[in-house]
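Results of the structural survey
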Amino acid sequence: MSTVKERGRLGDVLMREFAAYASALTEAGYDWAAVWPSAAWPEESRLRWLHALFLLARECAAVSGHRFGDEEITQFHREYLANAAMFPAGPPSLTDG
């Protein structure tokens, strides 16, 4: 069985891959929140490749006990976007002087 730390890392990988996929959807002119759960892309498409990476990360996270529904993933990414807008240079640090 995986440890809490390993499950956390797999969750981080899952959200990183989703962020890359959602960003590419936005760059391509799609509404990522509406399109991502059901989109089918042509074989040679970069979006298909990114979607496949996300699905692989999702499966790995699920095997370790991290199962997230589509709504949860959508909400996590909305929160990520809100934080990125508030802190464009990255998250603040108490050690930054």
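Our subject is the structure listed above.
Residues numbered from 1 in each chain as written. Predicted model: local features only at pLDDT ≥ 70, side-chain atom pairs only at ≥ 80, totals over all residues. Heavy atoms only, no water.

**Side note on the side chain of His 51**
Structurally, His 51 can be placed in helix 3 (residues 46-63). Given the relative accessible area of 14%, His 51 is considered buried. Those residues within four positions of His 51 in sequence are excluded, and the remaining contacts are Tyr 21, Trp 36, Ala 39 and Trp 41. (Helix = DSSP H or I, 4+ residues; strand = E, 2+ residues; numbered from the N terminus. Buried < 20%, exposed > 50% of the residue type's maximum accessible area, 1.4 Å probe, protein only. Contact = heavy atoms within 4.5 Å.)

**Concerning helix 3**
End to end, helix 3 covers 26 Å across 18 residues, agreeing with the expected 26 Å (1.5 Å per residue, within 8%). Where helix 3 begins, the capping side chain belongs to Ser 45, and its oxygen is found 3.1 Å from the backbone nitrogen of Leu 47. Gly 65 sits one or two positions beyond helix 3 and adopts a positive phi of about 105°. (Expected span 1.5 Å × (residues − 1). Polar contact = N/O pair within 3.5 Å; in protein donor to acceptor, adjacent residues only side chain to side chain.)

**Thoughts on helix 4 (residues 70-86)**
The end-to-end C-alpha distance of helix 4 is 25 Å, a good match for the 24 Å that 17 residues give at a rise of 1.5 Å each. By the burial criterion, the buried members of helix 4 are Ile 73, Thr 74 and His 77. Looking straight down helix 4, one finds its buried side chains confined to an arc of 100°; they lie on one side. Opposite the packed face of helix 4, turned more than 90 degrees from it, sit the exposed residues Glu 71 and Met 86. (Arc of directions from axis to C-beta.)

**Re the packing of aromatic side chains**
Within this structure, the stated rule accounts for 8 aromatic pairs. Look at Phe 18 and Tyr 21: their rings are 6.4 Å apart centre to centre, the planes differ by 75°, and that puts the pair in the edge-to-face class. With Phe 18 and Tyr 21 both in helix 1 (residues 4-27) and 3 residues apart, this pair spans about one turn of that helix. The two residues Phe 18 and Tyr 21 agree in class, both being buried. Ring centres 6.1 Å apart and planes at 75° place the aromatic pair Phe 18 and Trp 32 in the edge-to-face group. Of this pair, Phe 18 sits in helix 1 while Trp 32 is found in helix 2 (residues 32-35), placing the two residues 14 residues apart along the sequence. A connected cluster of aromatic rings, assembled from ring pairs, spans Phe 18, Tyr 21, Trp 32, Trp 36 and Phe 54. (Phe/Tyr/Trp six-rings, centres within 6.5 Å; stacked < 30°, edge-to-face > 60°.)

Keep in mind these numbers describe shape, not what the thing actually does.
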